[in-house]
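Single-letter residue listing:
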Amino acid sequence: MNRSSIHTAVVVALVVVLASTPAVATSTTSTARSADSVGQAESADLSDRDEFERWLDETMADHVERHRVPGATVVAVKDDEVVLAKGYGYADLESGRPVVANETVFSIGSTGKLVTWTAVMQGVEDGRLDRDRDVNDYLRDSEVSVPDTYSEPITLEHLGTHSAGFEDTLDGMVVDDPAEIRPMEEILAEHRPARVRPPGEFVAYSNYGTALAGHVLAEQYDTTFVEYVDGRIFTPLGMNDTTYAQPLPDRLEQRRAIGYTSQNGDYRAHPPLVWTLPPEGGSFRTTGTDMGRFMLAQLNEGAYGSARVLEAESVEDMHRRHFTKSRAVPELNGMAYGFIEMDRNGEQIVGHWGDTPRFKSLLALFPERDVGLFVAYNAPGGHAARFELLEEFTDRYYPRSDAPLVDPPAGAADRAEALAGDYRSLTISESSWQRILGVMTRTYTVEATDDGSLTTERLGEGTRRWVERRPGVYEEVGGDEILVFRFDEDGRATHLFRGAFGPATYERVPWYESLTVLQSVLAVGVLAFASVLSLWFGAPLWRRVRDRDAPTRRERLTRGLLGAVSLLWLVVLVIFVLAWINLNAEVASPSLALQAGKGLRYVALAGTAGCVIATGFVWRGDYWNTPLRVHYTGATLLALLVAWQLYLLRVLPL
């Protein structure tokens, strides 16, 4: 078992031990294809609609079954018209209502951000917005402001490329009831994330940044964001079944796709989440055909039919690269304006994907081909299925022409060894317990193999193997995804980039923040605390059976202190593991347990400090016997190490 497999095993064990509740993690995965099949495919003709429909029917049938998805909608457009708009499976399993592309309403999550950035470009065209101007200049009459943490101001250009330098946060994004939704201005002002790096330095995906851009737009037009896009985008394009409204209007509610999760072979239906910041896309609901209209406008230089939402120059500007993550590796995908670069097989592809807990979507444009593809699913399995669909679509209609790499070049083994370590996404909270999400699910463990290849693993994602294309650039075996490393002036790898994931940067973490250390400390700590409690509760019975003298008062107090501390740390760990599992619910409305846990963590820390002092008395006073004194000292040390790791997770902010 390799080191990354141990990571996953430890996490699962911790969850079982602490919570007895299974955690479900999803991730972006790539379908491994044989090297023989890549580069040898012949291009199919998308204009043959019957052939395309047959292929799509077979592909979607495989995907919805294999990824456990009840229903999906797919729309493909080309040359100013819809090639195919079709539904697959069920929108509602209980009633047997099928998915219909021009009727079924899906939540598409952050794919809706493309509407936000289209609206911002309209503001630029109107002369009301300047992408290079300090956003604070637009917020003088607003409660919202951006702190001057760094000398460089944040601009709309930074926001549109996710390079503003905000920490990640989910606070304020969801509530329990539509009646609890407050004005966007209040939410943005109350839940402003910290600026943790200078703008323009790295890409780190930010929901808050997009919402802030939408607020800037609304301020300049003296309206609400929702009213603006209804009037300037949805109505002109005839997107009559698209809305941010919560709850949905009755005419759309009866056509809403139900969100499901798959559990033990069965599907469980879930009520829709209530989102609070429209520009970031959570509350965006639409049909497949409405998104087809949006794609056609983007591909037809901003026009759809007789309506025009952008000038041709603005559309071209949105689709070009705005942020380059590595000048040394130009083929590495970066960020267009609002659009994510997803180039594959030498094809320019820009688009976006969206995630809510139950709905997954993806929109991909091939501007040079005048082709667009949109897909949405109503279960978490769509997370991987959407990327597989894009890969298979691109490989079929625009196949790769060059042969993939198979064997590492000379000297690769030494270079690979120097790259091994953990790389964590910069899209992570720096100040709250939500950091757990980023540390556990957005960390890549890179390992070197004997032949000079690399392997990567992430929680919820299988092992992937990479072969060196050139120093610092690796290609996936069985695919054309690439890994790119950035080096400091001493030649040490400091950052990792994934070719298919434009809006992210992964930073190498020191050894003491690695998943191996984190999970090992927590796992051993849990065992140590359990052993202390066993001794604490079992000691009276042991003395009775062995006819031993009762401990002194000081010995009882000392042992009782460590027992209480052990129990407190176990309770804190259980509370925050459950909070991680139920993250959306805790963000919408923190539970009493979580609120109690936030207080208990400091009580546990104070108790740990007391145990450190007590350890001195244990040895000076010759309490118990030597093995028990060693056990007490070891458990106290582990309590300190657990506190340290919880601090690194911001479960214990100081």
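The sections below set out a description of the structure shown in this document. What you see is a predicted model; the values in this text were computed from it and never measured. (Residues numbered from 1 in each chain as written. Predicted model: local features only at pLDDT ≥ 70, side-chain atom pairs only at ≥ 80, totals over all residues. Heavy atoms only, no water.)

**Looking at the overall build of the chain**
1) Next: When you go through the chain residue by residue, the secondary structure sums to 18 helices and 23 strands.
2) Next: Judged by the C-alpha coordinates and their principal axes, the chain covers about 95 × 60 × 55 Å.
3) Next: Across the chain, contacts joining residues at least 24 apart in sequence account for 68% of those joining residues at least 6 apart.
4) Next: Counting only carbon and sulfur atoms, one obtains 52% of the accessible surface of the chain, whose full area is about 26800 Å².
5) Next: Placing the 63 positive and 90 negative side-chain charges of the chain at their respective mean positions leaves the two points 9 Å apart. (Helix = DSSP H or I, 4+ residues; strand = E, 2+ residues; numbered from the N terminus. Contact = heavy atoms within 4.5 Å. Areas by Shrake-Rupley, 256 points an atom, 1.4 Å probe, with all protein chains shown as cover. Lys, Arg positive; Asp, Glu negative; His and termini not counted. Charge placed at Lys NZ, Arg CZ, Asp CG, Glu CD.)

**Digging into the sheet that holds strand β3 (residues 97-98)**
1) Next: Read across the sheet, 7 strands follow the order β3-β2-β1-β15-β14-β13-β12 without closing on themselves; strand pairing throughout is antiparallel. Strands at the two margins of the open sheet, each flanked by one partner only, are β3 and β12 (340-341).
2) Next: Two elements, strand β1 (residues 71-78) and strand β2 (residues 81-92), share 8 bridges in a ladder whose sense is antiparallel. Note that in β2 the partner of A76 across the bridge is L84.
3) Next: Here helix α11 (residues 382-397) sits on the sheet and contacts β13 (350-355), β14 (360-366) and β15 (371-377); the angle it forms with β14, its principal contact strand, is near 20°. (Pairing = 2+ DSSP bridges. Axes fitted to C-alpha atoms, helices over the stretch in contact; angles between N-to-C directions.)

**A word on the sheet that holds strand β17 (residues 443-448)**
1) Next: Read around the barrel, 8 strands follow the order β16-β17-β18-β19-β20-β21-β22-β23 and close on themselves; strand pairing throughout is antiparallel. The mean inter-strand angle of the sheet, taken between neighbouring strand axes irrespective of direction, is 30°.
2) Next: Note: strand β18 (residues 454-458) against strand β19 (residues 461-470), 4 bridges, orientation antiparallel. Of the residues in β19, the one forming a bridge with T455 is R465.

**Comments concerning the nonpolar core**
1) Next: L156, L159, L212, V229, W569 and L646 are the most contacted members of the largest nonpolar core, which totals 113 residues.
2) Next: Tallying contributions element by element places helix α15 (residues 553-581) first for this core, with 11 residues.
3) Next: Beyond its immediate stretch of four places on either side in the chain, V229 contacts V115, A119, F234 and Y244.
4) Next: Counting residues in each nonpolar core, the second largest holds 50 residues, with M342, L390, W466 and L483 among its members. (Core = buried A, V, L, I, M, F, W, Y, C linked by side-chain atoms within 4.5 Å. Buried < 20%, exposed > 50% of the residue type's maximum accessible area, 1.4 Å probe, protein only.)

**Quick look at helix α2 (residues 49-66)**
1) Next: Its 18 residues give α2 an end-to-end C-alpha distance of 25 Å, which sits within 8% of 26 Å, the value for a rise of 1.5 Å per residue.
2) Next: Within the span of α2, buried status applies to E51, F52, W55, L56, T59, M60, H63 and V64.
3) Next: Positive phi shows up at R68, right after α2, with a value of about 55°. (Expected span 1.5 Å × (residues − 1).)

**A look at the pairing of strand β16 (residues 421-425)**
1) Next: Burial analysis of β16 places 5 of its 5 residues in the buried class, the great majority of the element.
2) Next: Judged by which residues are buried, β16 turns out to be covered on both faces: G421, Y423 and S425 on one side and D422 and R424 on the other are all buried.
3) Next: As judged from the 4 bridges shared by β16 and β17, these two strands associate in the antiparallel manner. Bridge pairing in β17 links G421 to V446.
4) Next: In the sheet, β16 pairs with strand β23 (residues 506-508) via 3 bridges, with the strands oriented antiparallel. Looking at the pairing, Y423 lines up with R508 of β23.

**Here's the deal with the packing of aromatic side chains**
1) Next: Counted according to the given criterion, the structure contains 28 aromatic pairs.
2) Next: When the centroid spacing of 6.0 Å and the interplanar angle of 85° are considered together, the rings of Y474 and F485 count as edge-to-face. A residue pair is termed long-range when its members are at least 10 positions apart, and Y474 in strand β20 (residues 473-476) and F485 in strand β21 (residues 482-487) qualify at 11 residues. The pair Y474 / F485 is uniform in exposure class, with both members buried.
3) Next: Pairwise contacts between aromatic rings join F52, W55, F366, F393, Y397 and Y398 into one cluster. (Phe/Tyr/Trp six-rings, centres within 6.5 Å; stacked < 30°, edge-to-face > 60°.)

**Some words on the environment of G281**
1) Next: Mapped onto the elements of the fold, G281 is located in the loop between β8 (274-275) and β9 (285-286).
2) Next: Along the sequence, G281 and H215 sit 66 residues apart, while their C-alpha atoms lie 13 Å from each other.

**Side note on the environment of G238**
1) Next: Inspection of the secondary structure puts G238 in the loop between α7 (225-237) and α8 (250-253).
2) Next: Placed 330 residues apart in sequence, G238 and L568 show a C-alpha to C-alpha distance of 58 Å.
3) Next: With residues near it in sequence (within four places) discarded, G238 still touches D290 and R293.

**Section: the environment of E313**
1) Next: With respect to the helices and strands, E313 occurs in helix α10 (residues 312-319).
2) Next: Sequence separation between E313 and E301 is 12 residues, and the spatial gap between their C-alpha atoms is 7.7 Å.

**Focus: the packing of helix α3 (residues 113-126) against helix α6 (residues 207-221)**
1) Next: Where α3 contacts α6, the axes come no closer than 10 Å and their chain directions differ by 40°. Between α3 and α6, the angle falls in the class oblique. Taken as a pair, α3 and α6 cross one another with a handedness that is left-handed. Contacts from K113, T116, W117, A119, V120, Q122, G123 and D126 of α3 reach α6 at N207, G209, T210, A213, G214, L217 and Y221.
2) Next: Tallied by class, the residues present in the contact of α3 with α6 amount to 6 nonpolar, 7 polar and 2 charged. (Parallel < 35°, antiparallel > 145°, perpendicular 65-115°, else oblique. Left-handed = near helix turned anticlockwise from the far one by under 90°. Nonpolar A, V, L, I, M, F, W, Y, C, P; charged D, E, K, R; others polar.)

**A closer look at the side chain of T261**
1) Next: Within the element layout of this structure, T261 appears in strand β6 (residues 259-263).
2) Next: According to the relative accessible area criterion, T261 is buried, its value standing at 14%.
3) Next: Polar contacts involving the side chain of T261 include one to the side chain of H270, which spans 2.7 Å.
4) Next: In this structure, T261 is in contact with D266, Y267, R268, H270, R358 and P380, ignoring residues within four places of it in sequence. (Polar contact = N/O pair within 3.5 Å; in protein donor to acceptor, adjacent residues only side chain to side chain.)

In short, the description is geometric, and any link to function would need to be established separately.
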